[in-house]
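Residues per chain are reported as follows:
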Amino acid sequence: MDMSKILLATICNRNDTISEQAGIASIASVLRESGHTVKLTVVKEGYNDSDFIQLAYSNEYDFIGFNVYYHGVEFLKEIICKIKAICKNVKIVVGGYVATYYDEELFEVCPEIDYIIRGEGELVFSQLVSSNDPSLVKGISFQSDGKLTRTPACDFISDLDALPFIARDVMEEFQFTTAIMSTSRGCTRNCSFCSSPDFWRQRKVCWRGRSPENIADEIELIVEKYNIHNFDFIDASFEDPDKNCSRLLSISNEFIKRQLKIVYTASIRVDSVLVLEKYFNILRESGLRNIFLGIESGNEDDLSLYNKRVTLQSAEKAINLLKKYNFNVEIGFINFNPYSTFEKLRSNIQFLHKYGYTSYLINTKRLRVYKGCGIAEKILRDNLLAPDTGKFIYDYKFKDPRVGELYLAISQFIQFDYRNYNFFTKYQNYSIYFFEYTEGLRETFPNSVDVITDCEEDVRKKLSIFSEINYSWFVKMIDLGENGSSATEMMDYTLKHLYSKEAISTLSAIEEIERKLKKLEGSLRACKP
């Protein structure tokens, strides 16, 4: 079998944060294990796109593969067209969720694509680069004489422990201090806004997981090879597959048994938090410090709409419990959907404010709808799909046009800030990632805990100032929207309120605290043997 030279890359828009992507990194490892030469990187718009084109041109790759998300399709097309203009013989392969659900649309947008991989990519890509007849490769789509051909679906990988550990090229290239960990695939729940259940159940397999020993082996390798002690577990929900959380506890105990000195973040469901309360000491000892909770709403109607299978009371209890035991708690929240009412929006902002989640613009998040999401069928039945909906994300109308006008004003402001200042992305990063960062520092430099804690408290005080600014702004916006104000009027109010001197100076003060902490970290690392 001839060995191929392959370039793999994640597509990032201009304001995306560069990060590791487990799927494409796993494909890289499997291809290398088979003897192929693989370069794994990231191509980011306005950052290294020219360098990437030069890399593709100068190395005569046989295959170039991309994973892409919904918002990156236009940039993907731009990159592929530039590559094909100078590399006539290279084969372009695209995979991921978008590719799986929108193969036909991707070919329409970018006919320069040669192959699309549907579903898991490791075995399919490996077979594709080794085959002389793509029609015999399961799990791909391609065009022949202008017609779309889909080969039969490829079976999922049953034993995830059999896969090599994912390639860490991107972590090394960009010198990340946190490593992602994927310990399972799939999800045992069925939230209506998520395509994961449909994606995995297409093969009648809703969840598969790695063994605790295999997971700990990979972490040990990363700690020893890269001296990285911070980990982000990207599983849909870390406690799957059973209600008693036995696998999660087995993983935690394995970390403790091996005396792994790590700090990690994981997603855990609300109802599982209530089950795990008596094991919090074990979880903390294993290194768990940061927990993501998919709360999604502050009112019962929307919880039902999203098929969350929890009550608002249980969500509140979970947040209180986790904060009582000093876990950092980030939440998922979908404030706007086609069925939003002003009453529900008021309930949501009161909930967010009560539990300290208005220090960034989480209250501006809206439901995204795409193929594979259960709620898409309801929106179609209710005739709420917008006439000019996009190819890859369905746009929708609001049942109450006044809510639509309110969201229009908010979205216009978000786009304005995104293009000009990215002011509120910074507030989000400080509200979430700053405290994950300081948890890592606390574990790494225990003799400096007092200084680190003081910086945390200073940041919390500053964030509380913006929390009140955001809260009062959104309450007023609800009133304006309900009273029939136009999007232009609400946009004018937003610019004056959210770009106030107090909001800007508060962010500057937080940035100064971070600089102080980074300087301290640098000096401590320089002194550490």
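Remember, predicted model here, so these are calculated numbers, not experimental data.

Calculation rules
- The numbering scheme is per chain: residues are counted from 1 as the chain's sequence reads.
- Note on the predicted model: pLDDT of at least 70 is required for a residue's local features to be given, and 80 or more for side-chain atom pairs to be given and counted; whole-chain, interface and lining totals, by contrast, use all residues.
- Excluding hydrogens and water, the side-chain figures rest on all heavy atoms present in the structure.
- A run of H or I in DSSP counts as a helix once it spans at least four residues, and a run of E counts as a strand once it spans at least two, with each numbered from the N terminus.
- Polar contact criterion, stated in full: a pair of N or O atoms within 3.5 Å, where within protein one must be able to donate a hydrogen and the other to accept it, and residues adjacent in sequence count only if both atoms are side-chain atoms.
- In this description, contact between two residues means that some pair of their heavy atoms is separated by no more than 4.5 Å.
- Residues are called lining when one of their atoms sits within 4 Å of a cavity or pocket point, these points coming from a 1 Å grid over the protein atoms alone, where a cavity is a set in which a 1.4 Å probe fits but cannot get out and a pocket is an open set with protein on both sides within 12 Å along at least five of seven lines.
- Grid points are joined across faces, edges and corners, and a volume is the space filled by probe spheres set on the points.
- Amino acids are sorted into nonpolar (Ala, Val, Leu, Ile, Met, Phe, Trp, Tyr, Cys and Pro), charged (Asp, Glu, Lys and Arg) and polar (every other residue, Gly among them).
- Two strands are counted as paired when DSSP detects at least two bridges linking them.
- Between N-to-C directions, angles span 0 to 180 degrees; the directions come from axes that are lines fitted to C-alpha atoms, helices contributing only their stretch in contact.
- For classification purposes, an angle smaller than 35 degrees is called roughly parallel, one larger than 145 roughly antiparallel, one from 65 to 115 roughly perpendicular, and anything else oblique.
- In a left-handed crossing the near helix is turned counterclockwise from the far helix by less than a right angle, and in a right-handed crossing that turn is clockwise.
- Exposed residues in this analysis have more than 50% of their type's maximum accessible area, buried residues have under 20%, and partly exposed residues fall in between, with area computed by a 1.4 Å probe over protein chains only.
- When the strands point away from the viewer and the connection leading from the first strand across the helix to the second strand turns clockwise, the crossover is called right-handed.
- Throughout this description, the term salt bridge denotes a Lys or Arg side-chain nitrogen within 4 Å of a carboxyl oxygen of Asp or Glu.
- Among buried residues, those of type Ala, Val, Leu, Ile, Met, Phe, Trp, Tyr and Cys that are joined through side-chain atoms within 4.5 Å constitute a nonpolar core.

Caption draft 1: Representation of the side chain of Asn290 in the model. Along the chain, the position of Asn290 falls in strand β13 (residues 288-296). Within the structure, Asn290 has its side chain in polar contact with the side chain of Asn328 (distance 2.8 Å). Asn290 has contacts with Val263, Tyr264, Thr265, Ala266, Asn328, Phe435, Glu436 and Glu439, leaving out every residue within four places of it along the chain.

Caption draft 2: How the structure looks around empty space enclosed by the protein. In this structure the tally under the stated criterion is one cavity of 30 Å³ or more. Considered as a void within the structure, the largest cavity measures approximately 50 Å³ in volume. Lining the largest cavity are 14 residues, and of these Glu20, Gln21, Ala25, Leu40 and Val170 sit closest to its centre. The set of elements that each furnish at least two residues to the lining of the largest cavity consists of α1 (22-33), β2 (37-44) and α7 (169-173). Per-class residue counts for the lining of the largest cavity are seven nonpolar, four polar and three charged.

Caption draft 3: Examining the sheet that holds β13 more closely. One open sheet accounts for five strands, arranged β8-β11-β12-β13-β14; its pairing is parallel. Of all the strands in the sheet, the pair left with one neighbour each is β8 (178-181) and β14 (328-333). Each strand axis lies, on average, 20° off the axis of its neighbour in the sheet, ignoring direction. Note: β13 against β14, five bridges, orientation parallel. Bridge assignment links Glu296 to a residue of β14, and that residue is Phe333.

Caption draft 4: Molecular detail of the packing of helix α18 (residues 423-444) against helix α19 (residues 449-482). Between α18 and α19, the least distance of the axes is 11 Å, while the angle of their chain directions is 160°. In terms of axis orientation, α18 runs roughly antiparallel to α19. With respect to the hand of their crossing, α18 and α19 are arranged in left-handed fashion. Contacts between α18 and α19 involve Phe424, Tyr427, Tyr430, Ser431, Phe434, Phe435, Thr438, Glu439, Leu441 and Arg442 from the first element and Val449, Ile452, Thr453, Cys455, Glu456, Val459, Arg460, Leu463 and Phe466 from the second. In terms of residue class, the contact of α18 with α19 is built from 12 nonpolar, three polar and four charged.

Caption draft 5: Inspection of the environment of Phe333 at higher detail. As for its placement among the helices and strands, Phe333 is situated in strand β14. Classification of Phe333 as buried rests on a relative accessible area of 5%. For Phe333 and Asn363, which are 30 residues apart along the polypeptide, the C-alpha to C-alpha distance reads 7.7 Å. For Phe333, the contacting residues outside a window of four places in its chain are Ile295, Glu296, Ser297, Gly298, Asn348, Phe351, Leu352, Ile362 and Lys365.

Caption draft 6: How the structure looks around the pairing of strand β4 (residues 91-95). Counting buried positions along β4 gives four out of five residues, so the element sits mostly inside the fold. Sheet topology places strand β3 (residues 63-67) next to β4; five bridges connect them, and they run parallel. Pairing of Phe66 across the sheet is with Val94, part of β4. With helix α3 (residues 73-86) bridging β3 and the parallel β4, this β-α-β connection has right-handed handedness. Sheet topology places β4 next to strand β5 (residues 115-117); two bridges connect them, and they run parallel. If you follow Val94 over to β5, its bridge partner there is Ile116.

Caption draft 7: How the structure looks around the pattern of salt bridges. Scanning all chains against the criterion turns up 34 salt bridges. The salt bridge partner of Arg258 is Glu220, with a shortest N-O separation of 3.0 Å. Highlighted residues: Arg258 in the loop between α10 (246-257) and β12 (263-267) and Glu220 in helix α9 (residues 212-226), separated in sequence by 38 residues. Owing to a relative accessible area of 22%, Arg258 belongs among the partly exposed residues under this scheme. Here Glu220 falls in the partly exposed class, since its relative accessible area comes to 24%. Across the pair Lys426 and Glu511 runs a salt bridge, and its minimum N-O distance is 3.8 Å. In this pair, Lys426 is assigned in helix α18 and Glu511 in helix α21 (residues 501-527), connecting sequence segments 85 residues apart. If you follow the salt bridges from partner to partner, you end up with Asp217, Glu220, Glu254, Lys257 and Arg258 in one network.

Caption draft 8: Here's a closer look at the nonpolar core. Within the largest apolar cluster, 145 residues are counted, with the highest numbers of intra-cluster contacts made by Phe66, Ile83 and Leu293. If one sorts the elements of this core by residue count, α19 sits on top with 12 residues. What Ile83 contacts, discounting residues up to four positions off in sequence, is Phe52, Ile53, Ala56, Ile64, Phe66, Val90 and Ile92. Formed by 30 residues, the second largest nonpolar core is a distinct cluster that contains Leu40, Phe63, Val93 and Phe174.

Caption draft 9: Main features of the environment of Leu480. Tracing the chain through its elements places Leu480 in helix α19. Along the sequence, Leu480 and Lys426 sit 54 residues apart, while their C-alpha atoms lie 27 Å from each other. Setting aside residues no more than four positions away along its own chain, Leu480 makes contact with Ser485, Met490 and Tyr493.

Any link to function would need more than the numbers given here.
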